[in-house]
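Spelled out, the chains give:
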Amino acid sequence: MRWLLLFLLSPALAAELFLFTPEGPLRGEARDGVGAVYGLAYGEAGRFTAPRPVEGLRQGPVRACPQPPGLTARFGGSMPPQEEDCLQVQVYFPLRPPPPGGFPVMVFFHGGSFLSGSGAEPIYAAWRLAREGAVVFLPNYRLGALGFLALPALREEDPVAVGNYGLLDALLALRFAQRVAPYFGGSPEGLTLLGQSAGSMLTCTLLALPEARRLVKGAILQSGGCAEVRPLEKDLEVGEKVAAKAGCDPKDLTCLRRAPVGDLVPGGGGSLEATFFLSSPFKPHLNPRLLPKSPLEALVDGEARGIPLLAGATAEEVPPGEGPRSWAGFAEALKGEKPGVREALLAHYQGRFRDPRRAYAAYQTERTLLCPTLKAARVQRAFAPTHAYLFTFRVPGLEGLGAFHGLDLAPLFGNLQEMPFLPLFLTQEARAKAEALGARMRRYWVAFAREGEPKGWPRWPLYREGFVLRLDEPLGLLPDPYEERCALLEKLGLL
């Protein structure tokens, strides 16, 4: 049965949209040839339980999952009201007849260190991405302890779901997207996953799950690699501390499920400090029943064979900021590394930089985000068509900020008027260059979702050819930066 649309023009020339599907009507908004449906439930779950699919289609007020203030919120971005009943997607889709077989379907997972964020943040509104010719789903998933708590009592109750409630949310969102995509003109023949930061890491983790791989035709990794999973046993003690902080005996799951949600939400969401993020216990967990090996190991073993990959990062994920002002301070910041590793890192970055602050920012960029992302591309290129990029765009007039973490989201989604991007794009030059770059990025991204290849001009070479696309205005090509920026980290076992 084909879907049916009805529009009602408002006095502001916006349009209210009614979409009649085989599972019931949906209400949304139409704008410039694109429709949007908000607050669509894809699942439901009690606290610390695996999610369950919903029956039929159910809309409700837009919600975010419980979280502390993350980077977006700290810099003025808005977040929907938070509730534990938060397993929703926002859907954007072209308002024109679909091509034979349907529009490609893209599922975007937001970032936020697995602690914060929402698919309903205004910076992710996918009007322009959908206008390029794709159906775009933006799901929430449970965060922090509510999404990734590891606890012995929870393992006894459900040895499959323990520590991976947020990961199972993402898997359920994929099943939902495939099921309902045809109602929005989308193809049911395979999803293209994309994510940024923690969302990129979540995307790659899904590639390690056989059920998810059966639903996936391609993946886009933006500033997040494939090694950020945790051993379950390592975080059981943390789970016990979380329970104690909530005033509960770690064995008393009834108490934990009745505790105020604020007692279970950790503070400090969205930190970019490598030492913080790398040791955070709130991430997907290895589990012989669900995730027996790290996503990177799964890629190395060819388990995602045949799934095209597009991967890259920003050139300066972490700006210098308040890093160490002396090389002695740089060495002190590396005190957690093994002897020999610390000395090798210090010598390497002293050889590349005069300023220890810039050196430490480069180390954090490369250790946490850039090199793990490129490592995923280097592995997958042996098994499927793989393309890589380096985002080097710097805001005109604010070049000193660098091509920092998350800046690529501004041109990609094109929501330059939303906080925290608004102050960056007040000049005509900044807006014009970001708009031009965004148009190119969207064409590449949607072509990749449609054909498994980011077709456009200039031609984007395969990663095995030794080049990455330089995402800037204008576009260009760069020699693969992996040897210069990542080879030592790999040799030292840090990737």
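Bear in mind that the values here come from a model prediction, so they are computed numbers and not experimental data. (Residues numbered from 1 in each chain as written. Predicted model: local features only at pLDDT ≥ 70, side-chain atom pairs only at ≥ 80, totals over all residues. Heavy atoms only, no water.)

**Student:** Could you give an account of the overall build of the protein, with specific residues and numbers?
**Tutor:** Per the secondary structure count, the protein includes 18 helices and 17 strands. Each principal axis of the C-alpha distribution contributes one length, and for the protein these read about 65 × 60 × 40 Å. Accessible surface, the protein: about 19300 Å² in total, of which carbon and sulfur atoms supply 55%. Mean positive and mean negative side-chain charge positions of the protein (54 and 51 charges, respectively) differ by 3 Å. (Helix = DSSP H or I, 4+ residues; strand = E, 2+ residues; numbered from the N terminus. Areas by Shrake-Rupley, 256 points an atom, 1.4 Å probe, with all protein chains shown as cover. Lys, Arg positive; Asp, Glu negative; His and termini not counted. Charge placed at Lys NZ, Arg CZ, Asp CG, Glu CD.)

**Student:** Break down the confidence of the model for the protein for me, citing the residues and quoting the values.
**Tutor:** Summary statistics for the protein give a mean pLDDT of 93 and a share of 95% for residues scoring 70 or more. Long-range and interchain partners of residues 268–275, a stretch whose pLDDT sits below 50, account for 28 contacts in this model, where long-range means more than four residues apart. (pLDDT = per-residue confidence, 0-100. Contact = heavy atoms within 4.5 Å.)

**Student:** An account of the environment of Ala-177 is requested, with residue identities and associated values reported.
**Tutor:** Along the polypeptide, Ala-177 turns up in helix α5 (residues 165–180). Residue classification places Ala-177 among the buried residues on the basis of a relative accessible area of 0%. For the pair Ala-177 and Met-106, spaced 71 residues apart in the sequence, the C-alpha separation amounts to 8.9 Å. In this structure, Ala-177 is in contact with Val-107, Phe-137 and Leu-191, ignoring residues within four places of it in sequence. (Buried < 20%, exposed > 50% of the residue type's maximum accessible area, 1.4 Å probe, protein only.)

**Student:** Which residues make up the packing of α5 against helix α6 (residues 198–207), and what values do they have?
**Tutor:** At a minimum axis separation of 10 Å, α5 and α6 run at an interaxial angle of 75°. Taken together, the axis directions place α5 and α6 in an arrangement best described as roughly perpendicular. Residues Leu-167, Ala-170, Leu-171 and Leu-174 of α5 pack against Leu-202, Thr-205 and Leu-206 of α6. When grouped by side-chain class, the residues that make up the contact of α5 with α6 number six nonpolar, one polar and no charged. (Axes fitted to C-alpha atoms, helices over the stretch in contact; angles between N-to-C directions. Parallel < 35°, antiparallel > 145°, perpendicular 65-115°, else oblique. Nonpolar A, V, L, I, M, F, W, Y, C, P; charged D, E, K, R; others polar.)

**Student:** Any chance you could break down helix α8 (residues 232–245) for me, citing the residues and the numbers?
**Tutor:** Taking 1.5 Å per residue as the helical rise, α8 with its 14 residues ought to reach 20 Å, and the 20 Å between its terminal C-alpha atoms agrees with that figure. Those residues of α8 that fall on the buried side of the exposure criterion are Leu-232, Asp-235, Leu-236, Gly-239, Val-242 and Ala-243. Buried residues along α8 sit against α3 (144–148), α4 (152–157), β12 (230–231), α9 (253–258) and β13 (285–286). (Expected span 1.5 Å × (residues − 1).)

**Student:** A description of the UniProt feature "domain: Carboxylesterase type B" (unreviewed entry) in the protein should follow, citing residues and the corresponding values.
**Tutor:** UniProt marks residues 19–317 and 334–473 with the feature "domain: Carboxylesterase type B" (unreviewed entry), using the numbering shown here. As annotated, residues 334–473 has a helix share of 47% and a strand share of 8%, and its two end C-alpha atoms lie 36 Å apart. (UniProt positions renumbered as here; feature names shortened; annotations may be inferred.)

**Student:** Residues and numbers for the pattern of salt bridges, please.
**Tutor:** Two side chains carrying opposite charge are able to pair once their charged atoms lie near each other. Evaluation of the coordinates by the stated rule reveals 32 salt bridges. Residue Glu-211 pairs with Arg-175 through a salt bridge whose shortest N-O separation is 2.7 Å. With Glu-211 in helix α7 (residues 210–213) and Arg-175 in helix α5, this pair connects stretches of sequence that are 36 residues apart. Because the salt bridges share partners, they merge into one network encompassing Arg-213, Lys-293, Asp-301 and Glu-303. (Salt bridge = Lys/Arg side-chain N within 4 Å of Asp/Glu carboxyl O.)

**Student:** Got a sec to walk through the state of the cysteines? Specific residues and values, please.
**Tutor:** For the structure shown, the criterion picks out four disulfides. Cys-65 shares a disulfide with Cys-86; S-S distance 2.0 Å. Residues Cys-65 and Cys-86 share a disulfide whose torsion about the S-S bond is about 90°; that sign makes it right-handed. Of this pair, Cys-65 sits in the loop between β6 (52–53) and α1 (71–74) while Cys-86 sits in the loop between α1 and β7 (88–94), placing them 21 residues apart in sequence. Taking relative accessible area as the criterion, Cys-65 reaches 1% and is therefore assigned buried. Looking at Cys-86, the relative accessible area reads 1%, which means it is buried. In this model, Cys-248 is linked to Cys-255 through a disulfide, with the two sulfur atoms separated by 2.1 Å. Judged by the sign of its S-S torsion, about -75°, the cystine formed by Cys-248 and Cys-255 is left-handed. The exposure class of Cys-255 is partly exposed, given its relative accessible area of 23%. (Disulfide = S-S within 2.5 Å.)

**Student:** Break down unusual backbone geometry for me, citing the residues and quoting the values.
**Tutor:** Cis geometry is found at the peptide bond from Met-419 to Pro-420, where omega equals 10°. Here Pro-420 shows up in the loop between α15 (409–413) and α16 (428–451). Backbone torsion omega between Trp-457 and Pro-458 reads 0°, so that peptide bond is classified as cis. At Phe-114, a position not held by glycine, the phi torsion is positive, near 65°.

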